[in-house]
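Secondary and tertiary structure notes
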Amino acid sequence: MHRRHVHFSAASSRFPRQFPKSFSLRRKIPWWYQVLDPGSEFVARWNHVFLVSCLIALFIDPLYFFVPLVGGPACVKIDFGFGAIITFLRTIADLFYLMHMVLKFRTAFVAPNSRVFGRGELVMDAREIAIRYLRTDFVIDLAATLPLPQIFIWFIIPAIQNPIAVHANHTVSLIVLVQYFPRFFLMFPLHRQIVKTTGVIAKTAWTGAAYNLILCTLASHVIGSVWYLWSIQRLNSCWRIECAKEMDNAHSPPCKQRFFDCTTLDDPQRKLWLNSTQVLANCDAFKDDFHLQFGIFASAFTNEVASADFIEKYFYCLWWGLRNLSSYGQSLMTTTLSGENLFSIFICIAGLIFFSHFIGNMQTYLQSSTARLEEWRIKRRDTEEWMRHRQLPPELQERVRRFVQYKWLATRGVDEETILQSLPLDLRRQIQRHLCLALVRRVPFFAQMDHQLLDAICERLVSSLHTKDTFIVREGDPVNEMLFIIRGEVESSTTDGGRVGFFNSITLGAGDFCGEELLTWALVPTSSLNLPSSTRTVKTLTEVEAFALRAEDLKFVSTQFKRLHSKKLQHAFRYYSHQWRTWGACYIQVAWRRFKKRKLALELARHEDAYYMNGADKESEYGHESSDGDGELSRLTDDVAGTQHLGATILASKFAANTKRGANQKVTILDPQELKMPKLFKPDEPDFSRDLGES
């Protein structure tokens, strides 16, 4: 046995070194050989399209019953123009049925023995798919797809010489009626497949209501079309019965069956017969006062429906079917004919079924659209009864009503937290990121964070709604959440722990946050279980929408993500925190007061020194200008002046030394190395009273 040697060097020289971008080792399968997944988006869309085409086809088929009409006295004709239009529309509808059959040969199915767990295993073998389809639904689909009316109209009727209009129409109507049943029952497995794939037949309540209304209209359309066809048949039967009586009585000129076809209107024999016959008089619906001859079909001739235009004829028949379906046929006056009575019984039963099932479904769909509103009304009524029972003050009741109304307008009764908790973690994270990230980035403090930290915060943010004049937190109360404002305005005020004469108030808007004491508490590794106390009172000025970050969630984020401990974020927090801005303003105010006090002291010292120096100079000049005769008095005066000048100099030097010593001490107190504060903790409060006492 010889081995086959392949020389790659020789082979590689024949091909380029780089393959084109479109090159693939996997062979592309043509679309006509591909097997479709029954749960794929394409199959789901096709099922909806085919369902619409089935409804249209079910509307088109009964239109064949309107082809015959009374075209003259005692004659029936065929409206070939209208029949051609209906045949064309029917052919287009048949193409959808044919395409559906082709797709079924290429649609996989779930193996029955693999449905123990999960969705089961798909059978992708085209041969097994074809065998299963041929054994199950192929016969019904083929019966619904065959173009039987077209074959009869295009091939059989032209082959028959001189066909009678009534006979030809009866044959076409019978074919359409027989084929209507498989087309109707084909919708049930299609409806079941759509519900199995997508969960619902209609995604919205109004779509479901419209779908059920269309089905009721379809039933009325079918009943009205059959009633019209049966009316023409009843009139034609009456003519033939009277014609047979004249033939038995040897009436002259004799009656012939072909006279009832409008193609013989110009026949001389028919004209002679029409002038002497009693057929028209005996088959006149206006003379049938007790409906003994035409029964439920009398209105088709008394209202001249049989000879009217198509639009008038169609809407009258549709109204007739809808009226009798909704009234369960109670107004029908039937004859003793069994076929007519069976038709009336069918109308009664169909009315009960349609209006108990489809109208019930439509009512369910419509009620589902207002279920949230009704639930909110019941909850609001219970709230009103509870407030009256507890005898709440009127102003408190009004605040409760405003909050309930505002919450309904903001959420429409949807519990967002319940919906999010039922989703997988990754999907929940993506939704929270979509909802919160853009809004959170509007907060300047969060704009400094990276994506990982922002995702962790967005995942734990919850919606928070507050009405006007609501206290979110009061000064001294424990802080259990940080609030990031999205819409609205709040007032944040503080008295610095109840200090007399101290009050600070600011207005926070979209992009601001409050409850920053919680972040300081969360960043301490050994923080106690006791929550920090609020340093400010926060009150809403308008309706406020915000995101809240609870204490336990913030503690978790600060523990897991050390990025929150960085100096950059801490400086950003201090910069955007309104409480830290208040503290900074207080310290600047104290420093300014001390600076002004020191400056005033130095200024007074300089003025005092200048005063004493000027006094000594004046006394010295006065001594030199005195008389030279009194020598002893001059010496005494010089000694006193020298002594005073020396005392002033010593006093000024001592005051300057003390002032310099105090200035040096102040500088050492304000040394930035000694004033270095711990991370995010509030510094010691400045003592304004000490400055006031010293002054």
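This write-up is about the structure you can find in this document. (Residues numbered from 1 in each chain as written. Predicted model: local features only at pLDDT ≥ 70, side-chain atom pairs only at ≥ 80, totals over all residues. Heavy atoms only, no water.)

1. Concerning the overall build of the protein chain
- Each helix and strand in the protein chain was counted, giving 25 helices and 12 strands.
- Looking at the protein chain as a whole, 36% of its 695 residues qualify as buried.
- Considering only contacts in the protein chain between residues 6 or more positions apart, those separated by 24 or more positions represent 74%.
- About 43500 Å² of surface is accessible on the protein chain, with carbon and sulfur atoms providing 61% of the total. (Helix = DSSP H or I, 4+ residues; strand = E, 2+ residues; numbered from the N terminus. Buried < 20%, exposed > 50% of the residue type's maximum accessible area, 1.4 Å probe, protein only. Contact = heavy atoms within 4.5 Å. Areas by Shrake-Rupley, 256 points an atom, 1.4 Å probe, with all protein chains shown as cover.)

2. A closer look at the sheet that holds strand E7 (residues 481-487)
- In spatial order, the strands read E5-E12-E7-E10; together these four strands make up an open sheet with antiparallel pairing. Each end of this open sheet is capped by a strand with a single partner; those strands are strand E5 (462-466) and strand E10 (513-514).
- Across six bridges, the pairing between E7 and strand E12 (residues 544-550) is antiparallel. The residue of E12 that forms the bridge with Glu 481 is Arg 550.
- Relative to E5, helix H16 (residues 394-411) is tilted by about 140°, and along the sheet it contacts E5 and E12.
- Taken strand by strand, helix H21 (residues 551-560) contacts E7 and E12, and its axis lies near 55° from that of E12. (Pairing = 2+ DSSP bridges. Axes fitted to C-alpha atoms, helices over the stretch in contact; angles between N-to-C directions.)

3. A short note on a positive patch on the surface
- On the surface, a cluster of positive charge is contributed by Arg 399, Arg 402, Lys 468 and Arg 474.
- For Arg 402, the position within the fold is in helix H16.
- Judged by its relative accessible area of 30%, Arg 402 falls in the partly exposed class. (Patch = residues over 30% accessible without salt bridge, like charges linked within 9 Å, V, L, I, M, F, W, Y side chains within 5 Å. Salt bridge = Lys/Arg side-chain N within 4 Å of Asp/Glu carboxyl O. Lys, Arg positive; Asp, Glu negative; His and termini not counted. Charge placed at Lys NZ, Arg CZ, Asp CG, Glu CD.)

4. Examining the pattern of salt bridges
- Counted under the stated rule, the structure contains 18 salt bridges.
- Asp 141 is paired through a salt bridge with Lys 104; the nearest N and O atoms lie 3.1 Å apart. Within this pair, whereas Asp 141 is found in helix H5 (residues 138-145), its partner Lys 104 is found in helix H3 (residues 80-104), the two being separated by 37 residues in sequence.
- Across the pair Asp 455 and Arg 433 runs a salt bridge whose closest N-O atoms are separated by 2.3 Å. Taken together, the residues Asp 455 in helix H19 (residues 451-460) and Arg 433 in helix H18 (residues 425-440) connect sequence positions 22 residues apart.
- Put simply, Asp 61, Arg 90, Asp 94 and Arg 183 are held in one network by salt bridges that share partners.

From the geometry alone we can't say anything about function, so treat these as descriptive.
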